[in-house]
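Each chain, written out:
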Amino acid sequence: GENVEQHPSTLSVQEGDSAVIKCTYSDSASNYFPWYKQELGKGPQLIIDIRSNVGEKKDQRIAVTLNKTAKHFSLHITETQPEDSAVYFCAEKGSGGGNKLTFGTGTQLKVEL
Amino acid sequence: DVKVTQSSRYLVKRTGEKVFLECVQDMDHENMFWYRQDPGLGLRLIYFSYDVKMKEKGDIPEGYSVSREKKERFSLILESASTNQTSMYLCASSKQGPETQYFGPGTRLLVL
């Protein structure tokens with residue numbers, strides 16, 4: 001079945017620095033890769049996604065890159081701010097697993113002042 | 001503004017009790033999902049539904065059942081709660097397939 005590995009599990013950066021979270025997947029036919037942000041006490045919220053026919057996508061301070069050959073995708077947050085502190089989850093939609101997403105194990109990002 | 005609501009934020013139950021977790025969405029979405037969230041394990045799919053009265057097993061359906069009698073409501077049922085079902089339960093909905101899911105705030109269930 002589908003498997004998504006996410007690293008690191010915790011990440012601490014200084015305000016203004018960049019943060020990068022990486023996920024690897026096993027299904028070469030996976031075609032959709034979203035990132036969710038979960039703030040304390042709330043449910044996850046979609047922040048950006050990318051499809052397999054695109055290598056990079058940006059939205060203001062966040063970007064996602066996809067390397068299909070290596071089967072990994074990454075979330076990049078630039079100019080980090082305290083409100084970026086949250087748990088981030090990657091996910092992928094595989095080809096044979098039905099109409100569902102497989103999520104990574106999450107990264108706790110802390111932006112320190 | 002899209003909204004997914006869950007019936008309880010916190011719930012304490014005894015081993016062997018039957019537990020109902022309710023989820024309601026007001027976006028007329030076809031798809032609804034139940035996940036459990038545990039530290040170090042991320043989000044794991046329990047069941048999902050792509051239409052009224054339809055259900056599909058996720059990755060960890062054992063010990064759970066679901067009901068979808070109306071489009072806006074998706075219920076998760078623990079027939080006989082066990083301590084290993086202590087967890088955070090998250091409900092989500094989406095318009096098309098599993099993409100762009102909207103999550104509720106979660107129910108933290110403690111089984112004693």
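Below is a short write-up of the structure. Everything numeric here is computed off the predicted structure, so don't read it as measured data. (Residues numbered from 1 in each chain as written. Chains lettered and ligands numbered in written order. Predicted model: local features only at pLDDT ≥ 70, side-chain atom pairs only at ≥ 80, totals over all residues. Heavy atoms only, no water.)

**Overview of the interface of chain A and chain B**
The figure often quoted for interface size is the accessible area lost as the parts come together. Contacts between chain A and chain B engage 17 residues on the former and 21 residues on the latter. With both sides pooled, the region where chain A packs onto chain B buries about 1600 Å², and carbon together with sulfur makes up 54% of that total. Counting the contacts that link chain A with chain B gives three salt bridges. Between B:E99 and A:K93 there is a salt bridge, with its nearest N and O atoms 3.1 Å apart. Our count for the contact surface shared by chain A and chain B stands at six residue pairs in polar contact (both at pLDDT 80 or more). Counting residues per element, the ones that place at least two in the side of chain A that touches chain B are strand 4 (32-38) and strand 5 (45-51) of chain A. For the side of chain A that touches chain B, the leading source of residues is strand 4 of chain A, giving three residues. Classifying every residue of the side of chain A that touches chain B by side-chain character gives seven nonpolar, six polar and four charged. (Contact = heavy atoms within 4.5 Å. Buried area = accessible area lost by both parts, 1.4 Å probe. Salt bridge = Lys/Arg side-chain N within 4 Å of Asp/Glu carboxyl O. Polar contact = N/O pair within 3.5 Å; in protein donor to acceptor, adjacent residues only side chain to side chain. Helix = DSSP H or I, 4+ residues; strand = E, 2+ residues; numbered from the N terminus. Nonpolar A, V, L, I, M, F, W, Y, C, P; charged D, E, K, R; others polar.)

**Digging into the state of the cysteines**
Under the defined criterion, the tally for this structure stands at two disulfides over all chains. Note that A:C23 is cross-linked by a disulfide to A:C90, the S-S spacing being 1.9 Å. Residues A:C23 and A:C90 share a disulfide whose torsion about the S-S bond is about -95°; that sign makes it left-handed. Here A:C23, found in strand 3 (residues 19-25), pairs with A:C90, found in strand 9 (residues 86-92); they are 67 residues apart in sequence, far enough to count as distant. Residues A:C23 and A:C90 agree in their burial class; the two are buried. One disulfide bridge connects B:C23 with B:C91, the sulfur atoms lying 1.9 Å from each other. Measuring handedness by torsion sign, the sulfur bridge of B:C23 and B:C91 sits at about -80° and is left-handed. Remark: B:C91 occurs in strand 9 (residues 87-94) and B:C23 occurs in strand 3 (residues 19-25); sequence separation between them is 68 residues. Note on accessibility: B:C23 and B:C91 belong to one class, buried. (Disulfide = S-S within 2.5 Å. Buried < 20%, exposed > 50% of the residue type's maximum accessible area, 1.4 Å probe, protein only.)

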